[in-house]
Amino acid sequence: MPGILQAKLQETIPGWRRQRLELLQTRGEERIGEIKVSQVLGGLRGAQGLVCDTSEVSPTQGLIVRGIPIGELASKSPEEMFYLLLTGELASGAVLNDLRQELRQRALIPDYLWKVLEALPRDTHPMAMLSVALLALERESVFRRHYEDGMPKDQYWESTLEDCLQLLAKLPAVAAGIYRLHIGRPRIASRPELEWSADFAQMLGIGGEEFAKLMRLYLTLHCDHEGGNVSAFTSHTVGSALSDAYYAISAGLNGLAGPLHGLANQESLHFVLDIQNHFGGAPSEAQLRSYLKDRLQHGQVIPGYGHAVLRVTDPRYTAFHKFGERYCRNEMMFSIVDRLFAVVPEILKQQAKVQDPWPNVDAISGSLLYHYGLKEFDYYTVLFGVSRALGLCAQLVINRAVGTPIMRPKSVSTSWLMEHVPVAAHVS
Ligand code: HAX
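Now for a quick tour of the structure.

The rules we used
- Residues numbered from 1 in each chain as written.
- Predicted model: local features only at pLDDT ≥ 70, side-chain atom pairs only at ≥ 80, totals over all residues.
- Heavy atoms only, no water.
- Helix = DSSP H or I, 4+ residues; strand = E, 2+ residues; numbered from the N terminus.
- Rg over C-alpha atoms; globule rule 2.2 N^0.38 Å.
- Buried < 20%, exposed > 50% of the residue type's maximum accessible area, 1.4 Å probe, protein only.
- Contact = heavy atoms within 4.5 Å.
- Areas by Shrake-Rupley, 256 points an atom, 1.4 Å probe, with all protein chains shown as cover.
- Lys, Arg positive; Asp, Glu negative; His and termini not counted.
- Charge placed at Lys NZ, Arg CZ, Asp CG, Glu CD.
- Expected span 1.5 Å × (residues − 1).
- Near = heavy atom within 4 Å.
- Polar contact = N/O pair within 3.5 Å; in protein donor to acceptor, adjacent residues only side chain to side chain.
- Nonpolar A, V, L, I, M, F, W, Y, C, P; charged D, E, K, R; others polar.
- Pairing = 2+ DSSP bridges.
- Phe/Tyr/Trp six-rings, centres within 6.5 Å; stacked < 30°, edge-to-face > 60°.
- Lys NZ or Arg CZ within 6 Å of the ring centre and 35° of its normal.

1. Some thoughts on the overall build of the protein
Summing up its helical and strand segments, the protein has 19 helices and three strands in all. Radius of gyration (C-alpha) of the protein: 22 Å, near the 22 Å computed for a compact globule of 428 residues. Looking at the protein as a whole, 50% of its 428 residues qualify as buried. Of the contacts formed within the protein by residues at least 6 apart in sequence, a portion of 76% connects residues at least 24 apart. Carbon and sulfur atoms make up 52% of the accessible area of the protein, which amounts to about 20600 Å² in all. Taking the average location of the 42 positive side-chain charges in the protein and that of its 46 negative ones, the two points are 2 Å from each other.

2. Observations concerning helix H10 (residues 209–221)
Given a rise of 1.5 Å per residue, 13 residues ought to cover 18 Å, and the 18 Å separating the end C-alpha atoms of H10 matches this to within 8%. What H10 keeps buried is the set Phe211, Leu214, Met215, Leu217, Tyr218, Leu219, Thr220 and Leu221.

3. Remarks on the site of the ligand
As a matter of local geometry, the ligand sits amid 21 residues, with Ile302, Gly304, Tyr305, Lys353 and Gln355 nearest to it. In this structure, an oxygen atom belonging to the ligand sits 3.1 Å away from a side-chain N or O atom of His261. Here a nitrogen atom of the ligand and a backbone polar atom of Tyr305 are 2.7 Å apart. Isolated, the ligand exposes 910 Å² of accessible area, and the fraction of that covered by the protein chains is 74%. Residues that form the shell around the ligand fall into these classes: eleven nonpolar, seven polar and three charged.

4. Thoughts on the sheet that holds strand E2 (residues 62–65)
Spatially, the three strands line up as an open sheet ordered E1-E2-E3, and their pairing is antiparallel. Each having just a single partner strand, strand E1 (55–58) and strand E3 (68–69) make up the two edges of the open sheet. In terms of strand pairing, E1 meets E2 through four bridges, oriented antiparallel. Following the sheet pairing, Glu56 is matched in E2 by Ile64.

5. Focus: the packing of aromatic side chains
Scanning the entire structure with this criterion turns up twelve aromatic pairs. For the ring pair Phe323 and Tyr327, a centre distance of 4.6 Å and an interplane angle of 50° mean the geometry is tilted. Of this pair, Phe323 and Tyr327 both sit in helix H15 (residues 315–327), four residues apart, roughly one helical turn. In this structure, Phe323 and Tyr327 share a single accessibility class: buried. Their ring planes at 65° and their centres at 6.4 Å tell us that Phe323 and Tyr372 sit as a pair that is edge-to-face. Within this pair, whereas Phe323 is found in helix H15, its partner Tyr372 is found in the loop between helix H17 (365–371) and helix H18 (380–402), the two being separated by 49 residues in sequence. On the accessibility criterion, Phe323 (9% relative accessible area) is buried. Grouped by ring-pair contacts, the aromatic residues Phe211, Phe323, Tyr327 and Tyr372 constitute a single cluster. Positioned above the aromatic ring of Tyr370, the side-chain terminus of Lys375 is 4.8 Å from the ring centre. The ring of Phe143 carries the charged tip of Arg400 above its face, separated from the ring centre by 4.4 Å.

By themselves these figures say nothing about function.
Here's what the structure looks like:
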């Protein structure tokens, strides 16, 4: 008996397929833009070459999930976000209960997984552990088994959804198990009566209602960021080869592990703590200005500031800031984060090359985690990964449902560019 989510998708997918076919038939040969050499050499920044229906990132409004700005979704649970990302609708109470039940039924962790994780050297980075864990779970893939049995194409999405539900159901216990292993403490059993995020918080072993609220907010805010960021793009590329969800999500998380992407939250907290240690507390704005200028002169970035797409303060930063104002107002780290906000944008604006001088989500999240005693910085990106897996999974299911083909853009050589692209008139 399929769950409510499966039935909803069954009903919705034919419409998506029709729309895609119509686009191909009626507008397939139309152009939507041109590409410049600077984009080819510059990480394809701004080049429109991907479709993503789960969310979009507006330079002036930030993350918009299925048409709703993230600021309006801050009170939603991660499960609600998953349903919204996937179907475009907000789940009612009964629908949400059904989804939670679907996840609970799949939450059991096979014993071999703990053996794999326990066999890793103690100093393995928690992000590497998370990626290894997902690859170890790949043997559970229903998609791969059904594919080998000759499953028809129009059913790909169903077993992909099943893999994604399995993966998401297990993710809190896997990630919490990694944390406990990392800090050398025994695992804490799941409490299935709790919501996804609250169970995760208690399995981490950090008690208290406020921390559970922070986890809920954290896992909601980080769930998706359209299709072109490193983790989404990577996951999409790997998934486009019909690699199953375990391969595709693990690949996406490997991208998230980079310091310019998800690892920035770890870097950002290091940075705030360095400031605290350097000044023996919260510095004055003048002290901070000179500290930051010195850092920039040494060619280092200011972590937590800037973005490839955003051109305003990240609304996810604002949502965390509201939480901090309410619960951690007198915390030293929070004061430093606030003081940075007062000073960094004006300094970055003086660097002509910086496109976005405003804080992104990573400028603040770490200081809140630290406040509640989650002080292992190298674990922070795992939290990000648990949340981002929601969006990666939703995008993968949708791509399977509409049958996106294997990714294969054409590359050109540097000498091809030198030979074939005319020198601009104003240069010659
Ligand atoms: N501090 C110092 N210099 C910065 C900067 C910052 N915060 N942000 C951008 N710049 C520099 C870039 O390094 C680049 O310099 P070079 O040309 O010398 O390489 C120049 O300004 C132009 O960069 P940009 O066009 O403004 O930004 P990009 O799209 O190239 O990069 C980044 C976006 C997020 C990678 C960048 O702003 C950065 O490194 N920020 C600090 C790290 C960070 O906070 N990352 C997290 C981003 C959010 C995220 O993905 N989370 O997962």
